[in-house]
Amino acid sequence: MEITVRRTGGFAGIARTARVRTDDLDPAAADELYALVREADLPAVKSEPSGADRFQYEIHVRDGDREQRAIVHDGAMPEPVRRLVDRVQVLSSG
Amino acid sequence: MSHRCSLHCIVPPGMLERVARHGDDDQRTLALDTLSKDHSVRATRATNALLLAGKPKRLDVLGRRPGGTARRTIYDMETTEQETGKLGRGEGDEPTGDAATDEAYDGLGSTYDFYWQVFQRDSIDDQGLHLVGWVHYGRDYDNAFWDGQRMVFGDGDGQLFQRFTIALDVIGHELTHGLTEDEGPLDYLGQSGALNESISDVFGSLIKQHALRQTADQADWLIGAGLLADGVQGKALRSMAEPGTAFDDPVLGKDSQPAHMDDYVRTVDDNGGVHTNSGIPNRAFYLVATKLGGNAWDRAGRIWYETLRDPTLTRASGFRRFARLTERVAGRLYGPDSDEGKAVADAWKQVGVRL
């Protein structure tokens, strides 16, 4: 599985991409990521921009030939999606 | 779940304001209860209307204050993203010595003074709304934003960005988002979103020019000058005079703002490129202001301000509707064949927006 989180917007309007592949992780971390993706339930996510100058995240999950995609906004993000985004950003920078 | 949805999601505050005027006591109580869960500017205004309608004898107490002085509170979020900060500086308090706290306090003051002195507007809602700023939000947080209730400032990561309170135009930009939400609003998507952004840049820049007593010719027309960290190759985040030229850095990338409709960027990023395509109306304003000369807030700023307040500006307005409205407002304020009207028409033509 590969997860890409593309952060855009913010006052600066500058894009930043974080990407994680479960193949690169130890099994426990990979399992955790699969669980986070399940809980995030991306196809059901509905998010509208809230306020102004907040970050927008485009999340793309590819697992074999299956794909999920969602666009979410800071200030209007379900908690499970927030946990997934945070985790991918941490793993990607580490 | 962070999803917050009470009755106000369905019932717009404007309708609640009508309940305030025409409803009975029970209906008013219900409406007030609904609004107590919402702290947006519009909801605050509706709440005030309900309180006034329900208690007419207190009109003198709750009525319009004279205006002219800001009411500010700055909270120190202590590098968390939680909603629990400590009081940093309240109205009238001495400087704290903390740069972000004092810059936010002073910047909100300069912004309040600008709107009061130039447009006789009493804060975001023209009813003296209390201005709240959060500083030290998040750890190394590379952003400043308006969350619908308050202005929030990160410290920056020090590598790309300094603290976001460092530039007065950034503070003015955020407060102006509150004003647009109160007057417009303009949907934060596509062209209406780019207009929303541009209005914040326009008034953010005017607030800085007003504080520095600069004429249009003296102004730098930059957004976020001083915000980029040492070593980053750029002069600011955006250039209203020359969109697309503010920075070009190996890490940050290159300023991608268009200056003309021919280069309008279609994208799903950033709510349809609201911080990118704002370059087009930004440059239109710059062209009007420099053509007219003098203090940019006097005439160009007045035209843009009255356009924002015009009831025919709808929330989904695009560049063309906005542009035509600025031309109509210029005619209304200064006459149909005025220099101001011609400057406005010419500016939109130069950036490729057909009137």
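Not measured: the values here are computed from a predicted model.

So, about the overall build of chain A. Across its full length, chain A carries 2 helices and 4 strands. For chain A, the sequential pattern of α-helices and β-strands runs β-β-α-β-β-α. For 94 residues, the compact-globule estimate of 2.2 N^0.38 gives 12 Å, and the C-alpha radius of gyration of chain A, at 13 Å, lies within 12% of that figure. Referenced to the eigenvectors of the C-alpha coordinate spread, the extents of chain A come out at roughly 40 × 25 × 25 Å. Per-residue burial over chain A gives 37% buried out of 94 residues.

What chain B contains, in helices and strands, is 12 helices and 9 strands. Within chain B, buried positions represent 50% of all 355 residues. Look at the contacts in chain B between residues 6 or more apart in sequence, and 57% of them connect residues 24 or more apart.

Listed by partner, the interface residues are 25 residues for chain B and 22 residues for chain A. Where the side of chain B that touches chain A is concerned, the elements lending two or more residues are β4 (144–146), α6 (168–183) and α8 (270–277) of chain B. When residues of the side of chain B that touches chain A are assigned to their parent elements, the largest contribution, 4 residues, is made by α8 of chain B. Of the residues belonging to the side of chain B that touches chain A, the class tally is 10 nonpolar, 10 polar and 5 charged.

The next point concerns the packing of helix α7 (residues 190–212) of chain B against α8 of chain B. Residues and elements named next belong to chain B. At a minimum axis separation of 7 Å, α7 and α8 run at an interaxial angle of 40 degrees. When the interaxial angle is binned, α7 and α8 end up oblique. Between α7 and α8 the crossing geometry is right-handed. Facing α7, whose interface residues are Gly190, Gln191, Gly193, Ala194, Asn196 and Glu197, α8 presents Asn271, Gly272, Gly273, Val274, His275 and Asn277. Taken together, the residues that form the contact of α7 with α8 break down as 2 nonpolar, 9 polar and 1 charged.

This part covers the pairing of strand β3 (residues 55–63) of chain A. Residue and element names in this part refer to chain A. The pairing of strand β1 (residues 2–9) with β3 spans 8 bridges and is antiparallel. Bridge pairing links Gly9 to Phe55 in β3. Sheet analysis places β3 next to strand β4 (residues 66–73), joined by 8 bridges and oriented antiparallel. When the bridges of β4 are listed, Tyr57 appears paired with Val72. Where β3 hands over to β4, the hairpin turn is made up of 2 residues, of which Gly64 adopts a positive phi near 65 degrees.

Time to look at the confidence of the model for chain A. Confidence along chain A averages 95 in pLDDT terms, with 99% of residues attaining 70 or more. No element of chain A has a lower mean pLDDT than helix α2 (residues 79–93) of chain A, which averages 95, and none a higher one than β1 of chain A, which averages 98.

With that settled, the discussion passes to the sheet that holds strand β2 (residues 16–21) of chain A. All names here are of chain A. As summarised here, the arrangement of the 4 strands in space is β2-β1-β3-β4, forming an open sheet in which the pairing is antiparallel. Bordering the open sheet on either side are β2 and β4, each of which pairs with just one other strand. Strand-to-strand twist of the sheet, defined as the mean angle between neighbouring strand axes without regard to direction, takes the value 10 degrees. Here α2 sits on the sheet and contacts β1, β2, β3 and β4; the angle it forms with β2, its principal contact strand, is near 85 degrees.

This part covers the environment of Asp23 of chain A. As for its placement among the helices and strands, Asp23 of chain A is situated in the loop between β2 and α1 (27–40). Through-space distance from the C-alpha of Asp23 of chain A to that of Glu2 of chain A is 8.5 Å; in sequence the pair is 21 residues apart.

With that out of the way, let us pick up unusual backbone geometry. Residues and elements named next belong to chain B. Look at the link from Gly184 to Pro185: it is a cis peptide, with omega at -10 degrees. Here Pro185 shows up in the loop between α6 and α7. The backbone phi angle of Ser123 is positive, close to 75 degrees, even though this residue is not glycine. Owing to 25 C-beta atoms within 10 Å, Ser123 belongs among the buried residues under this scheme.

This part is about the environment of Leu252 of chain B. As for its position among the elements, Leu252 of chain B is in the loop between β8 (248–249) and β9 (253–254). Leu252 of chain B sits in the partly exposed class, given 19 other C-beta atoms within 10 Å. Sequence separation of Leu252 of chain B and Asp169 of chain B is 83 residues, and the distance between their C-alpha atoms is 21 Å. Among all residues touching Leu252 of chain B, those that are not within four sequence positions of it are Ile14 of chain A together with Leu160, Val232, Gly234 and Phe247 of chain B.

The biggest cluster of nonpolar side chains holds 88 residues, and the ones touching the most others in it are Phe153, Leu227, Ala284, Phe285 and Val288 of chain B. If you tally residues by element for this core, the top one is helix α9 (residues 279–292) of chain B, at 8 residues. Counting only domains with at least three residues in this core, you end up with domain 2 (72–166) and domain 3 (190–350) of chain B. Filtering out sequence-adjacent residues up to four positions away, Ala284 of chain B remains in contact with Ala347, Trp348, Val351 and Val353 of chain B. Among the nonpolar cores identified, the runner-up in size contains 18 residues, and Val37, Tyr57, Val61 and Ala70 of chain A belong to it.

For α6 of chain B, with 16 residues, the first-to-last C-alpha span of 22 Å sits near the 22 Å given by 1.5 Å per residue. Counting buried positions along α6 of chain B gives 16 out of 16 residues, so the element sits mostly inside the fold.

Conventions adopted
- Residues numbered from 1 in each chain as written.
- Chains lettered and ligands numbered in written order.
- Predicted model: local features only at pLDDT ≥ 70, side-chain atom pairs only at ≥ 80, totals over all residues.
- Helix = DSSP H or I, 4+ residues; strand = E, 2+ residues; numbered from the N terminus.
- Rg over C-alpha atoms; globule rule 2.2 N^0.38 Å.
- Buried ≥ 20, exposed ≤ 12 C-beta atoms within 10 Å, placed from the backbone.
- Contact = placed C-beta atoms within 7 Å.
- Nonpolar A, V, L, I, M, F, W, Y, C, P; charged D, E, K, R; others polar.
- Axes fitted to C-alpha atoms, helices over the stretch in contact; angles between N-to-C directions.
- Parallel < 35°, antiparallel > 145°, perpendicular 65-115°, else oblique.
- Left-handed = near helix turned anticlockwise from the far one by under 90°.
- Pairing = 2+ DSSP bridges.
- pLDDT = per-residue confidence, 0-100.
- Core = buried A, V, L, I, M, F, W, Y, C linked by C-beta atoms within 7 Å.
- Domains from an automatic or database assignment.
- Expected span 1.5 Å × (residues − 1).

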